[in-house]
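Structural overview
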Amino acid sequence: MSLQMVSSISNSSLLQPGFSLMNFDGHVFFFGQKGWPKRSCPTGVFLLDIKQNELKMKPAFFSKDSCYLPPLRYPALCTLRSDESDEFQYIIHGGKTPNNDLSDKVYFMSLVSKTSKKITFQCIEKDLGGDVPEARYGHTINVVHSRGKSMSVLFGGRSYTPLAQRTTEKWNSVVDCLPSVFLIDFEFGWCTSYILPELQDGLSFHVSIARDDTIYILGGHSLQNNARSPNLYKLKIDLPLGSPAVTCTILPGGISVSSAIVTQISDTEFVLVGGYHSDNQKRLVCNTIVLEDGKIGIVESVSPEWTPDIKHCRMWFGCDMGKGSVLLGIPGANKQLIPDANYFYILRCKGAEEDKEEELVTQICSQTSSEDPGDSTPFEDSEEFCFSSEANSFDIDDADTYNEDDEEDESETGYWITCCASCNIDVNTWVPFYSTELNKPAMILCSSGAGHWVHAQCMDLSETMLLRLSEANVKYFCNKHVDLHKGLQTPQKQQILKKQPMKPLHRKKTMKLSTSMKKSFLRRLFE
């Protein structure tokens, strides 16, 4: 094993415990940054360009038909390969948002196009039915294959205390999820949960390794009894034509560890690195795990020569970078002379000759997660993260390198202004409100004076009204100026209706009779 420090890394403050890595064709991509994405990289997905022990971050893009992907920390992540081709995609489930909200959503991430200057992904959200797993983090997801079928298996993790059980003192406290095993058929979008008698306690930040129809679960931390399980569980999934069958066996030879990292070095061999023996003791021992003939063997292997900084730091975190490479990070407080927030090392578990002969390609077989140190007491298993890819140079010299220093102060300009006295839009806490929003809030122009922009959400505009205003050619006035605009409006000149003179009524002419004529008429009438 060889350990090498990444001598210079740009924007290392974005890489905090809880980040994830994805590997497409030997190129490593990072997501799950600290805080919400900014305009320089609205997707929150970056290419990690590692050359000559220097790491640079370059923005990646999403296709137009992609959904919004929040910067999730500590999600469960694995690869799903196509049966007909070498193409594959990543399954992402759960995790924490920068607001510390937990997600229960499932995303599929696939590579759409790749050029020398632009890499485009497609991100699709999948809907699930049946026994849908609750929102969680610190869990694992793997894909198993049996009788020509494939299914995903989800297990473990933590979630917030149910609302009915919360108290004022422990409102945001977390608990272990029930030790249920979930089988997920993504072809039909259906979940089925299984309760196994061998799995009594909930686990989080454990290691899971899948091979064919079997998953091995190693270590993990239980909040209920504050212990790291020494058990080694073997889950076997049979997928006949009828209902699936799930069985669990407890095997000897487990390791009491949490938050360990697993990287694959060959078809049957894996290396277990890092983690914690207890709340205040890091695990500096490495192990080799061999899967052959339906059996698992775990032996201690030669550990690298850890640097004094790693030995004496209180916590560490990292990510599997695929086939024998691991990215490890330690807090910057241990190196006062360097101003960066975190400092990183690349651990290569293969020999130098093997590294030259074979290009590292990701084969994800385990997941682990971690939490910010500030979210819990020191040395809790929340100080861990999610792993998945590999460190290999990506030779794209023409691509733009992301530099956080080049970002405008978006709290004062652009979409992140304070548009009114009651504005509550913040770049670090904002989440999409309208269905048309992706990575920035919807805004509308107020026509008062020289005009100024306001957030549609702050104006309490419904989505229907917002769409009508955007399509119609009319002026809009914000809540502050709408009354003023009405007061300054000149009343419309009312047209005076001309009254036509009424025509006089024409009476019928009557003939007047004289007195003598009346007498003569009456005389004749009575004769």
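Residues numbered from 1 in each chain as written. Predicted model: local features only at pLDDT ≥ 70, side-chain atom pairs only at ≥ 80, totals over all residues. Heavy atoms only, no water.

**As for the overall build of the protein chain**
The helix and strand tally for the protein chain stands at 5 helices and 35 strands. Going through the 527 residues of the protein chain one by one, you find that 49% of them count as buried. For the protein chain, the share of sequence-separated contacts (at least 6 apart) that also reach a separation of at least 24 residues comes to 60%. When the accessible surface of the protein chain is totalled, it reaches about 27800 Å², and 50% of it is carbon and sulfur. (Helix = DSSP H or I, 4+ residues; strand = E, 2+ residues; numbered from the N terminus. Buried < 20%, exposed > 50% of the residue type's maximum accessible area, 1.4 Å probe, protein only. Contact = heavy atoms within 4.5 Å. Areas by Shrake-Rupley, 256 points an atom, 1.4 Å probe, with all protein chains shown as cover.)

**With respect to the sheet that holds strand 1 (residues 2-5)**
One open sheet holds the 4 strands; their spatial order is 1-33-32-31, and the pairing between them is antiparallel. Strands with a single pairing partner mark the edges of an open sheet, and in this sheet they are strand 1 and strand 31 (317-320). Taking each pair of neighbouring strands and ignoring which way they run, the sheet shows an average axis angle of 20°. Bridge count between strand 32 (residues 325-331) and strand 33 (residues 342-348): 7 bridges; the pairing is antiparallel. Across the sheet, the residue bridging to Leu-328 is Tyr-345, located in strand 33. (Pairing = 2+ DSSP bridges. Axes fitted to C-alpha atoms, helices over the stretch in contact; angles between N-to-C directions.)

**With respect to the pairing of strand 8 (residues 76-81)**
Counting buried residues along strand 8, 5 of its 6 residues qualify, which places the element largely inside the surrounding structure. Bridge count for strand 8 against strand 9 (residues 88-93) is 6 bridges, and the pairing is antiparallel. Bridged to Arg-81 within strand 9 is Phe-88.

**Regarding unusual backbone geometry**
Here the phi dihedral of Asn-100 falls at roughly 65°; this positive angle occurs in a residue that is not glycine. Here Asn-100 shows up in the loop between strand 9 and strand 10 (106-114). Located in the positive-phi region is Asp-293, a residue other than glycine, with phi close to 50°. Mapping Asp-293 onto the fold places it in the loop between strand 29 (286-292) and strand 30 (295-301).

**Side note on the environment of Ser-325**
Relative to the helices and strands, Ser-325 resides in strand 32. Overall, Ser-325 belongs to the buried group, its relative accessible area being 1%. The spacing of Ser-325 and Arg-348 is 23 residues in sequence and 4.5 Å in space, taken between C-alpha atoms.

**A closer look at the state of the cysteines**
Enumeration over the complete set of coordinates arrives at 0 disulfides. Take Cys-478: it sits in no disulfide, and the sulfur closest to it among the cysteines is that of Cys-446, at 3.7 Å. (Disulfide = S-S within 2.5 Å.)

**Points about the side chain of Ser-159**
Looking at the element boundaries, Ser-159 is found in strand 15 (residues 158-160). Assessed through its relative accessible area of 4%, Ser-159 is described here as buried. In terms of polar contacts, Ser-159 uses its side chain to reach the side chain of Glu-134, at 3.5 Å. Beyond its immediate sequence surroundings of up to four residues, Ser-159 is in contact with Leu-102, Glu-134, Ala-135, Ser-173, Val-174, Val-175 and Cys-177. (Polar contact = N/O pair within 3.5 Å; in protein donor to acceptor, adjacent residues only side chain to side chain.)

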